[in-house]
Amino acid sequence: MTGAAWAFLALFAVAAVGDWVAVVRRPGARALEYVCKPAALVALLLVAVALDPADGGQRAWFVVALVWCLAGDVFLMLPSDRFVPGLASFLVGHLAYVVGLALRPDWSAGRLVLGLVVVAAALAVLGPRVIGAVARRDRALVPPVVAYMAAISAMVANAVATGDLLAVAGAGLFYASDTLIALDRFERARPWAGLAIMVTYHLGQLGLVLSLPG
């Protein structure tokens, strides 16, 4: 870790905690959320830029992923419902992560098979529940949600293929965050979901960025 990366990491921590506070205090802390939510991803993006990884190509794809995730964050926090643009932004972000993870020299086809088994098991349990809830609310959203689930599942499988624990933990937390978003939005609202979604999301993104090999 470079000195600049540590500084940006500290900024990320402050912004992430600020966003968690804003989520708990909704709707009374919208201004704080509008500042801290994008600031956290900007800081994490700067961490990725400031790192000195062994493979600059992987870092470039991670930066692309973070830019698209930042766009998704902005779409989803706006007062009007921009769920589909937010979903599309995160889908592109996951595909960029897939490419970046696949560029790692320790990526293994054998571990990819293991990753695919893991995500297949998760989809077998959670997929019908999520898709069923989406279909009951808005059938038009089923195809984009299915495409999104495929993209994030591919990201998780490729994280497993690297054998890097930080990448696996980060991808898994990201998956958990998005699953909770779907269940909270389409199945039923949960009073604790907002905080859990953001904590798992920020920690997931952090794990992926810190998995960049030095």
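Calculation rules
Residues numbered from 1 in each chain as written. Predicted model: local features only at pLDDT ≥ 70, side-chain atom pairs only at ≥ 80, totals over all residues. Heavy atoms only, no water. Phe/Tyr/Trp six-rings, centres within 6.5 Å; stacked < 30°, edge-to-face > 60°. Helix = DSSP H or I, 4+ residues; strand = E, 2+ residues; numbered from the N terminus. Buried < 20%, exposed > 50% of the residue type's maximum accessible area, 1.4 Å probe, protein only. Lys NZ or Arg CZ within 6 Å of the ring centre and 35° of its normal. Salt bridge = Lys/Arg side-chain N within 4 Å of Asp/Glu carboxyl O. Contact = heavy atoms within 4.5 Å. Axes fitted to C-alpha atoms, helices over the stretch in contact; angles between N-to-C directions. Parallel < 35°, antiparallel > 145°, perpendicular 65-115°, else oblique. Left-handed = near helix turned anticlockwise from the far one by under 90°.

A. The packing of aromatic side chains, seen in detail. All told, the structure shown has five aromatic pairs when counted by the stated rule. Residues Phe-90 and Phe-174 carry aromatic rings whose centres are separated by 6.3 Å and whose planes lie at 85 degrees to one another, so their mutual orientation is edge-to-face. With a gap of 84 residues between them, Phe-90 in helix α4 (residues 83-102) and Phe-174 in helix α7 (residues 165-187) connect regions that are remote in the sequence. Residues Phe-90 and Phe-174 agree in their burial class; the two are buried. Given a relative accessible area of 6%, Phe-90 falls into the buried group. Among the aromatic side chains, those forming a connected cluster through ring pairs are Phe-90, Phe-174 and Tyr-201. The ring of Phe-83 carries Arg-185 above its face, with NZ or CZ at 4.2 Å from the centroid.

B. Region of the structure containing the pattern of salt bridges. Per the stated rule, a full pass over the model turns up six salt bridges. Where Arg-190 meets Glu-187, a salt bridge forms, and the shortest distance between an N and an O atom there is 2.5 Å. Through salt bridges with shared partners, one network takes in Arg-26, Arg-30 and Glu-33.

C. Just the environment of Gly-100, in detail. Along the chain, Gly-100 falls in helix α4. On the basis of relative accessible area, Gly-100 is assigned to the buried category, the value being 0%. Each C-alpha atom of the pair Gly-100 and Val-42 lies 19 Å from the other, and the pair is 58 residues apart in sequence. Not counting residues within four places of it along the chain, the set of residues in contact with Gly-100 comprises Gln-58, Trp-61 and Phe-62.

D. Here's a closer look at the packing of helix α1 (residues 3-24) against helix α8 (residues 193-210). It is at 9 Å that the axes of α1 and α8 come closest, and there the two elements cross at 165 degrees. Taken together, the axes of α1 and α8 lie roughly antiparallel to each other. Classified by chirality, the crossing of α8 by α1 is right-handed. In this structure, α1 contributes Leu-9, Phe-12, Ala-16, Asp-19, Trp-20, Val-23 and Val-24 to the contact, and α8 contributes Gly-194, Leu-195, Met-198, Val-199, His-202 and Leu-206.

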